[in-house]
Structures are given as structure tokens and as C-alpha cells.
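So the chains spell out like this:
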Amino acid sequence: MSTRQSGPRPVRAPRGSTLSCKGWVQEAALRMLHNNLDAEVAERPDDLVVYGGTGKAARSWEAFDVIVRELQDLADDETLLVQSGKAVGRFRTHPDAPRVLIANSNLVGRWANWDEFRKLEQLGLTMYGQMTAGSWIYIGTQGILQGTYETFVAARKAHEARSGRPGGRWVLTAGLGGMGGAQPLAATMAGMSCLAVEIDPHRIERRLETRYVDQRIDDLGKALAAIEAAVEKNQPTSIAICGNAADIFPELVRRGVVPDLVTEQTAAHDPLIGYIPEGLSLAEAAALRASNPKEYVTRAKRSMRLEVEAMLEMAQCGSEVFDYGNNIRTCAQEAGCERAFDIPGFVPAYIRELFCQGKGPFRWVALSGDPEDILATDRAVLEAVPNDPDLARWIKLAGERVKFQGLPARICWLGYGDRAKVGLVFNELVRQGKVKAPIVIGRDHLDCGSVASPFRETEAMKDGSDAIADWAILNALANTAGGASWVSFHHGGGVGIGNSLHAGMVIVADGTDAAARRLERVLTIDPGMGVIRHADAGYETAVHVAEEKGVRVPHRMK
Ligand code: NAD
């Protein structure tokens, strides 16, 4: 065990091409763990919280130190086991096995609720891993930017189709945290203005600094006038307003305001930590949370009901309204809003068709720390996948408008076939010295074949298989068998404890032949899981993709 006194301190990933571990895969895990906790990247690094309510990278600072020590000593044929943010064992395996296997926040079904989780967390036995927080592949707010952009574009199209006129001029939303902070920039990139309600001025400050939001206007009348002017001039702008969504959304209804698109991304999945009840300042909320957590949760859910009822009113008046994957509908329903689920979830509404093609959030990070390396990978992606105008537009916009947080990184949604192709191209860039250090490739757990989450990714599956979690487990096992660099299996990400099970994977392109073989296998298996999962559920697109690309789905073979 570590003998030094562990505690909060600034953390930053090493840069450059010098190793402090025994191999690049271990080094990648070490750098990505540090990067998750970099003050530029994490929302509350002192508490080891990366994003998404209390999504943590390590259980405690002492646990962080031990993981670092183990990674630095880990051989090329060993595997480190991490249980909810704590290194618990190390075994000899083989060079193609993952160097790290991670299990976060998992509980047996009957015990899978927030009360039990918090009790065990208090005892120091577990931590909340969210999705990419505990699996060490968070890349800051960019990580959700393209997904948000695609979602907003699809929602605008749906709005136009429904209303029969050009729409999608502006978006109303709430929550400017680690993930929610992507919304204003995604809206303006998609050509829409955005009004985003955020209760915490520091979060607004951070989004202004990183250029994710254009301006802050706290007077509602003035903010609406600015939105109106931007819409009229067709010059999209994004405005943060400091306030409580449970106050401002109903006030907009009272004023008869009908936004084109309405959603929200507070951390409602965790009603004790992630949502501030209306009528309380941040300090008052913190005091109530500590003194009477039960009362806090009741008030938070009551406020969520007010917010969701306002969203339903706006839908009635013609807004395109959708739930953005934080489980607010369940909490609102528990507080008495019977029609909460009249609001559709964003996955069945806009994303499932992409999942059927094995498409999802492919991301990568330049371990050198040099932004030039990402520019080289941007060019390489466009060469490898040349006939995709949406991808080309995205890479160009991201290059112009995304400010890196921590190690330079990029995200783009790629499907089955293209992910493996791009992985191999990156490995060649490393081999040929066209980038200065290896590239680490990963993804969100929110992906086509890696998650069981009936309020989000697997809501309203065609065959009713929403709560079947075998797929997520098969994903982790198959990626492990394929030789991913680290593999994780989590519970409760996105929508909270009791509501989801999901797997993550990361793979390192270090320029070697062995890495090329692993990349080809893993980046085929992983999106292939999305194709087979959706083909099995009876989605025609997935069946077609499987036939066309030769993905074997035994029960669908002719
Ligand atoms: P976060 O904890 O970093 O931020 C939440 C933000 O909401 C904070 O800034 C907080 O101040 C603000 N907030 C809380 N209550 C508020 C209120 N009443 N009014 C206005 N603002 C309020 O969380 P995050 O990383 O941004 O994630 C947000 C949610 O999205 C989480 O529930 C997360 O699980 C979910 N999520 C969604 C996706 C997706 O693809 N849609 C992906 C990952 C996470």
C-alpha cells in the first residue's frame, strides 16, 4: 500500500514520447486516467468527479495512487483488475489480453437502487463510474458534441416534417455540465440558436471559457429578445441564462413562448446530487442535501415534474420535445406527472437507425499531447472514408470550433467497417512516425451494441428486449477476447443506478503489427455487436447491413 498521505492535487497526463510504464498500452491507461482528472477536463477534479453527476475515475486519492503505481509496474503479459475505482489484483495473462479489466458500480439486481448504492459507497466499497469517467476515456465536452449535433439535426428534420414548414430556428435546453455543456455549440454548429438554463454560474463560466456557449444573459426578457434577433438575422447564437429550469421552463409557458426544439440535460439521473430543486440557492441545496436527503430528493422530483409538465405544454403547442437520456421522465412520473413518457426518448426518435448500421461515437486521443497529431488524424479519416459528406462537414467544423480540453482528442460517429479501417490507418500513422506518439481509440458506453438501458439506448426495442442485458455482457467478453487494451463493465451510467448495464472498450494504436491485428479484430467485433443486436431484434436495416457486410447472424441466415 502507498505510505504517503493521499489527497487532492492537480493532475495532468504526461505528454511526449517517453514512457513511464513498461509498454505503450499501460502508458495509455496511465495517461488517460490522469487526463480524466485534469482540471481542464474534469468537472470536480478534487473530488475525483469527472462528469455526469458523480461519475468518478478512482474511488479515492489513495486508490488513484495505487492504480498509478500498479500501471507503472505492469508487464506486457499482465492484467490489472480494477473494482469500482480500486486496484484489487494483478494476474499473468498474455500480450494480446487487455492490460486492465474494470468493473464499476455493479450490484445484484435486487439491491440495485440508489439507497443501497449510497450505503455501500459510504462504506468505501464502491464508486459511481458513470460511463467514460470510470473507464478512463472521457475527452471533455467534445465527447458528446457530435452526438448532440446529430440529434439536434434529426430533431429539426422531424420538427419540419411534422409542421410542414422550415423550422428548427432555436433550441431550449437546460444543464451546462460536462455533457450538457455541448448543447449550445452543437446547436449553433447545426445552424440554430440556443437558450440554455443553468443554475451554477461556475459551469456557465467554464462553457464561456471553452467557447461552448457564446454569451450569458440573466434577464429572461433580454435573453429572449436576443434569441429573436438572432433568429431574424439568421445568425445563430447561444445564450446561457443562470437560473433554475423548474422556474424558467414554466415561466416560458406562461409567456406563450414556443421554442422549435425543447430538451434538457441536467444530471436528473441522480436526484440527490444532479438536480437542484426550485426555490433553493446552491448553498441552500447543499445544506438540505446534507441534513435531510429524503426531503431533498422529494423536492428535486417535484421540481422535475414542474419542468417536464412545461415541456409537455410546449409539445402541445408544436415544439419538438425529447428526453435527452438523463431519466428525468421517471423522476417526474414518480412525482405524479402521469404523461411524462408522452415525451419520446432521443434514441428511438433519432438514433436507432444509426445503431442498426453499427454506427456510434468513435473517439481518439493523441498521447503525444500535440494538437498537430489530431490534425494529421483528421486528414487521415477523411482519406480513409472519402464519400461521406456529413463526416467531412463534421471534421471541418470540429477543427474550426472545438477547443481541446486536456490531451488533444477528436470524436466522430463511424459505422461497421469504417471503424476498423480507420483504426488501421491510425496504426500506420504511428508506425511511419507521422504522429509523435501512439493514438488511443475508444468510445462512449452509449453505443450501438454495448448497453442495456430501457430508458435510453434500448428504449422501445422492436422485439421488446429493452431490459435484456446479455448483449452488454457479450460486448465486454467479446472485446476482451479480441484483445482490447482495457475493457470495462458498468452499472447505472446515464440514467442512474438500477436502470442500465453497459460496457466500454479502449484500444491503443502503437504502430506495431500486434496492435494492427488487435485493432482489426476489436474494431470489427465492437460495432459488429451493434449490428447483430439490432438484427436479432428484427430491425430491417441491421439485417441488411449484416447481409451486405458479411456479419454472421446465425438465426437470420438464409
Ligand atoms: P453534470 O453533473 O456535469 O452537469 C449537470 C448540470 O445540471 C450541472 O451544471 C448543474 O448545475 C445543472 N443543473 C442541475 N439542476 C439544475 C436545475 N434545476 N436547473 C438548471 N440547471 C441545473 O452532468 P453532465 O455530464 O452534463 O450529464 C448530464 C446528464 O446527461 C446526466 O444525467 C448524464 O447521465 C446524462 N448523459 C446523457 C448523455 C446523452 O448522450 N444524452 C450522455 C452522457 C450522459
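Residues numbered from 1 in each chain as written. Predicted model: local features only at pLDDT ≥ 70, side-chain atom pairs only at ≥ 80, totals over all residues. Heavy atoms only, no water.

Considerations on the overall build of the chain
For step 1, the next point in the chain: What the chain contains, in helices and strands, is 18 helices and 17 strands.
For step 2, the next point in the chain: Its C-alpha atoms give the chain a radius of gyration of 22 Å, within 12% of the compact-globule value 24 Å for 558 residues.
For step 3, the next point in the chain: Its C-alpha atoms give the chain principal-axis dimensions of roughly 65 × 55 × 45 Å.
For step 4, the next point in the chain: Per-residue burial over the chain gives 61% buried out of 558 residues.
For step 5, the next point in the chain: Sequence-distant contacts in the chain: of pairs separated by 6 or more residues, those separated by 24 or more amount to 70%.
For step 6, the next point in the chain: Both charge centroids of the chain, one from 64 positive and one from 70 negative side chains, sit 2 Å from each other. (Helix = DSSP H or I, 4+ residues; strand = E, 2+ residues; numbered from the N terminus. Rg over C-alpha atoms; globule rule 2.2 N^0.38 Å. Buried < 20%, exposed > 50% of the residue type's maximum accessible area, 1.4 Å probe, protein only. Contact = heavy atoms within 4.5 Å. Lys, Arg positive; Asp, Glu negative; His and termini not counted. Charge placed at Lys NZ, Arg CZ, Asp CG, Glu CD.)

Quick notes on unusual backbone geometry
Across residues other than glycine, the phi torsion is negative in most instances, and most of the peptide bonds are trans.
For step 1, the next point in the chain: The backbone phi angle of glutamine 130 is positive, close to 45 degrees, even though this residue is not glycine.
For step 2, the next point in the chain: By the secondary structure assignment, glutamine 130 is in the loop between α3 (114-122) and α4 (142-163).
For step 3, the next point in the chain: Residue classification places glutamine 130 among the buried residues on the basis of a relative accessible area of 5%.
For step 4, the next point in the chain: The phi dihedral of asparagine 327 is positive, around 70 degrees, even though this residue is not glycine.
For step 5, the next point in the chain: As for its placement among the helices and strands, asparagine 327 is situated in the loop between β11 (320-321) and α11 (328-334).

Considering the site of the ligand
For step 1, the next point in the chain: Around the ligand, 35 residues are found, and the nearest of them are Gly53, Glu198, His269, Tyr324 and Gly494.
For step 2, the next point in the chain: Take asparagine 244: an N or O atom from its side chain is 2.9 Å from a nitrogen atom of the ligand.
For step 3, the next point in the chain: One nitrogen or oxygen atom from the main chain of tyrosine 324 is found 2.8 Å from a nitrogen atom belonging to the ligand.
For step 4, the next point in the chain: Against a free-state accessible area of 870 Å², the protein chains account for coverage of 97% of the ligand.
For step 5, the next point in the chain: Most atoms of the ligand, that is more than half of them, are within 2 Å of grid points of the largest pocket. (Near = heavy atom within 4 Å. Polar contact = N/O pair within 3.5 Å; in protein donor to acceptor, adjacent residues only side chain to side chain. Areas by Shrake-Rupley, 256 points an atom, 1.4 Å probe, with all protein chains shown as cover. 1 Å grid on protein atoms, 1.4 Å probe; cavity = no way out; pocket = protein on both sides within 12 Å on 5 of 7 lines; lining within 4 Å. Sits in = over half its atoms within 2 Å of the grid points.)

Remarks on the packing of α4 against helix α12 (residues 346-356)
Packed helix pairs are characterised by how far apart their axes lie and by the angle those axes make with each other.
For step 1, the next point in the chain: Relative orientation of the contacting elements α4 and α12 amounts to 110 degrees, with a least axis distance of 10 Å. One way to sum up the angle between α4 and α12 is to call them roughly perpendicular. Along the contact surface, α4 presents Thr151, Ala154, Ala155 and Ala158, while α12 presents Phe346, Tyr350 and Ile351.
For step 2, the next point in the chain: Residue composition of the contact of α4 with α12, by class: six nonpolar, one polar and no charged. (Axes fitted to C-alpha atoms, helices over the stretch in contact; angles between N-to-C directions. Parallel < 35°, antiparallel > 145°, perpendicular 65-115°, else oblique. Nonpolar A, V, L, I, M, F, W, Y, C, P; charged D, E, K, R; others polar.)

Observations concerning the pattern of salt bridges
For step 1, the next point in the chain: Enumeration over the complete set of coordinates arrives at 39 salt bridges.
For step 2, the next point in the chain: Salt-bridge contacts for aspartate 200 lead to arginine 203; the nearest nitrogen and oxygen are separated by 3.9 Å.
For step 3, the next point in the chain: Classification of aspartate 200 by relative accessible area gives buried; the value is 17%.
For step 4, the next point in the chain: Taking relative accessible area as the criterion, arginine 203 reaches 24% and is therefore assigned partly exposed.
For step 5, the next point in the chain: Note that glutamate 251 is salt-bridged to arginine 254, the shortest N-O span being 3.1 Å. Note that glutamate 251 and arginine 254 are positioned in helix α8 (residues 245-254) at a spacing of three residues, about one turn of the helix.
For step 6, the next point in the chain: Residues participating in the shared-partner salt-bridge network are Lys22, Arg69, Glu70, Asp73, Glu78 and Arg90. (Salt bridge = Lys/Arg side-chain N within 4 Å of Asp/Glu carboxyl O.)

Some details on the layout of surface pockets
For step 1, the next point in the chain: Estimated volume of the largest pocket: approximately 890 Å³.
For step 2, the next point in the chain: Lining the largest pocket we find 44 residues, and of these Gly53, Arg203, Thr266, Ala267 and Gly274 sit closest to its centre.
For step 3, the next point in the chain: Elements supplying a minimum of two residues to the lining of the largest pocket: β1 (49-51), β7 (193-198) and α9 (282-291).
For step 4, the next point in the chain: Per element, the largest residue contribution to the lining of the largest pocket is four residues, and it comes from α9.
For step 5, the next point in the chain: Trp114, Asp115, Pro271, Val297 and Lys301 are the residues nearest the centre of the second largest pocket, which is lined by 19 residues in total.
For step 6, the next point in the chain: Contributions of two or more residues to the lining of the second largest pocket are made by α3, α10 (293-316) and α11.
For step 7, the next point in the chain: The biggest single contributor to the lining of the second largest pocket is α10, with four residues.
For step 8, the next point in the chain: Its residues placed into classes, the lining of the second largest pocket shows nine nonpolar, five polar and five charged. (Points joined across faces, edges and corners; volume = space filled by probe spheres on them.)

Structural notes on the side chain of serine 6
For step 1, the next point in the chain: Turning to its location among the elements, serine 6 is positioned in the segment before α1 (24-36).
For step 2, the next point in the chain: Excluding its chain neighbours within four sequence positions, the residues that come into contact with serine 6 are Trp61, Glu62 and Asp65.

Concerning the packing of aromatic side chains
For step 1, the next point in the chain: Applying the stated criterion across every chain yields a total of 15 aromatic pairs.
For step 2, the next point in the chain: Here the aromatic rings of phenylalanine 322 and tyrosine 324 are separated by 5.8 Å at their centres, their planes lie at 75 degrees, and the arrangement is edge-to-face.
For step 3, the next point in the chain: Judged by relative accessible area, phenylalanine 322 falls into the buried class, the value being 0%.
For step 4, the next point in the chain: Residues phenylalanine 355 and tryptophan 413 carry aromatic rings whose centres are separated by 6.4 Å and whose planes lie at 5 degrees to one another, so their mutual orientation is stacked. Residue phenylalanine 355 is located in helix α12, and its partner tryptophan 413 is located in strand β13 (residues 409-414); the two are separated by 58 residues in the primary sequence. The same class applies to phenylalanine 355 as to tryptophan 413, namely buried.
For step 5, the next point in the chain: Site record: aromatic cluster; members linked through ring pairs are Phe152, Phe322, Tyr324, Phe346 and Tyr350.
For step 6, the next point in the chain: In this arrangement the basic side chain of lysine 462 is found over the ring face of tyrosine 539, its NZ or CZ atom lying 5.9 Å from the centre. (Phe/Tyr/Trp six-rings, centres within 6.5 Å; stacked < 30°, edge-to-face > 60°. Lys NZ or Arg CZ within 6 Å of the ring centre and 35° of its normal.)

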